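If you want the building blocks of each chain, they are given just below.
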Amino acid sequence: MNWFKTNIFLLLFNFLGLIVINGQEVQQEKIALLPFDSNGIDTISVQTAESILRLEINKLNKLGIISDKRIREVLSSTKCIDSECALKVGKELGASQVFGCKLATLGEKIIIQYFLMNVSTGKQILIDQITASKVEDLEVVMKRIAKSVVDIEPITKGAEVGNIMANESDKSVRRSSKKNFGVSFGYLYPQNGYESSDRVFVLDGRFDYEIEDYAVGMLIGIRKGFAMNIYSSYLFSRKDICPYIGGGFGFHWVSHSDGFIKKKADGFELTANTGIRILHTYSVQIVFNLELILTLNDYNDKAIVFTLGIL
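Not measured: the values here are computed from a predicted model.

A. Structural view of the nonpolar core. With 26 residues, the main nonpolar core has Phe 36, Phe 99, Ile 112, Met 142 and Ile 145 as its most contacted residues. Contributions of two or more residues to this core are made by strand S1 (30-33), helix H2 (43-60), strand S4 (97-106), strand S5 (109-118), strand S6 (123-132) and helix H5 (138-151). Examining the composition of this core, we find that 6 residues originate from one element, H5, more than from any other. Each residue touching Ile 112, except ones within four places of it in the same chain, is listed here: Cys 101, Lys 102, Leu 103, Asp 128, Gln 129, Ile 130, Ala 132, Leu 138, Val 141, Met 142 and Ile 145. With 16 residues, the next largest nonpolar core counts Ile 66, Ile 71, Val 98 and Phe 115 among its residues.

Spelled out as structure tokens, the structure:
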């Protein structure tokens, strides 16, 4: 009995110890976002950019964010734009990381430079810059910087559908639109019906629109006849490598030749599809698509379709 009580006591002691340790870690792991330093940009735009960055980091980050009020109380009216000052303020605030950012105009462009310091080591763990073509781009820039800070990676790696800047899309490299149009080609492999053909060449045209994590669109194809489907796909990523899965519903007229035997070759069609979009954030994407299609006609046509194309 004493042995049982002793073990229970030890388990409780260890459990409470873990809670205390984790609690201390949560308390210690805080980031301080220093007020932005700006040159040539209006105060309201700078304050809005700060607010967006704070919100985005808060959404992405598991670390606590030290309040802006407390940071300004420590700084008073002093500007803090260099790493030495940032480190000093970070220690005073009890932060584990401290972030600084400077915005400056260069002609019509806005140069955004930022750094992230580890307070305990006193070293910069991230330093980068990005150029915006106009003030309105600061919303997208702050989202990119937030991801860069949270993941501790260069800002170029944080490009996703929905946060592409105007100057990137103007160069026809990245895309700002979520509308897609493209063509693909490949083969249809019959599983049932289709007059026992080995395989059939197919050519598809696609039009779709991305809504958050989904793509909704229409497919018009030549698939041993004529097919027209409406489809929806769930997109697992907004980055350049984007796997997806989905399905569709439409109509398929399948070409059959049974002499004088009259059968219904056309009918509604159900599809299930999966694949991957490569270069998802660019103006031209490469798409690998695999479908299972079932046509509700008298032949019970069923097939697997594999296509390769561009959007």
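Let us keep going from here.
B. Main features of the side chain of Asn 273. Looking at where Asn 273 falls in the secondary structure, it is placed in strand S12 (residues 266-278). By relative accessible area, Asn 273 is classed as buried at 8%. Side-chain polar atoms of Asn 273 contact the backbone nitrogen of Gly 247, separated by 3.1 Å. Excluding residues that lie within four positions of it along the chain, Asn 273 makes contacts with Ser 232, Ser 233, Tyr 244, Ile 245, Gly 246, Gly 247, Asn 289, Leu 290 and Glu 291.

C. Region of interest: the pairing of S4. As judged from the 3 bridges shared by S1 and S4, these two strands associate in the parallel manner. Each bridged residue has a counterpart across the sheet, and for Ala 32 the counterpart in S4 is Val 98. In terms of strand pairing, strand S2 (residues 37-39) meets S4 through 3 bridges, oriented parallel. Bridging from a neighbouring strand, Asp 37 pairs with Lys 102 of S4.

D. Summary view of the state of the cysteines. If you walk through the whole model with that rule in mind, you get 1 disulfide. One disulfide bridge connects Cys 80 with Cys 85, the sulfur atoms lying 2.2 Å from each other. When the S-S torsion is -130°, as for the bridge of Cys 80 with Cys 85, the disulfide is left-handed. On the accessibility criterion, Cys 80 (8% relative accessible area) is buried. Under the relative-accessibility criterion, Cys 85 is labelled buried at 18%.

E. Structural context of unusual backbone geometry. At Ile 152, a position not held by glycine, the phi torsion is positive, near 50°. Along the polypeptide, Ile 152 turns up in the loop between H5 and helix H6 (166-170). At Leu 279, a residue that is not glycine, the phi angle is positive and equals roughly 65°. By the element assignment, Leu 279 lies in the loop between S12 and strand S13 (286-295). Take Leu 279: its relative accessible area is 34%, and that puts it in the partly exposed class.

Quick notes on the rules
- Each chain has its residues counted from 1, following the order in which its sequence is written.
- Restriction of local features to residues with pLDDT of at least 70 applies here, the model being predicted, together with a cutoff of 80 or more for giving and counting side-chain atom pairs; totals for whole chains, interfaces and linings are based on all residues.
- As a convention, hydrogens and water are excluded, and side-chain values are obtained from all of the structure's heavy atoms.
- The term nonpolar core refers to a set of buried residues drawn from Ala, Val, Leu, Ile, Met, Phe, Trp, Tyr and Cys, joined through side-chain atoms within 4.5 Å.
- Exposure classes here rest on a 1.4 Å probe applied to the protein chains alone. A residue is buried below 20% of its type maximum, exposed above 50%, and partly exposed in between.
- Segments assigned H or I by DSSP are reported as helices when at least four residues long, segments assigned E as strands when at least two residues long, and all are numbered from the N terminus.
- Any two residues whose heavy atoms approach within 4.5 Å are treated as being in contact.
- Each polar contact in these results corresponds to two N or O atoms within 3.5 Å; when the atoms are within protein, one needs to be able to donate a hydrogen and the other to accept it, and residues that are neighboring in sequence are counted only if both atoms are side-chain atoms.
- Two strands make a pair as long as DSSP finds a minimum of two bridges between them.
- Two cysteine sulfur atoms make up a disulfide if the distance between them is within 2.5 Å.

Keep in mind these values describe shape, not function.
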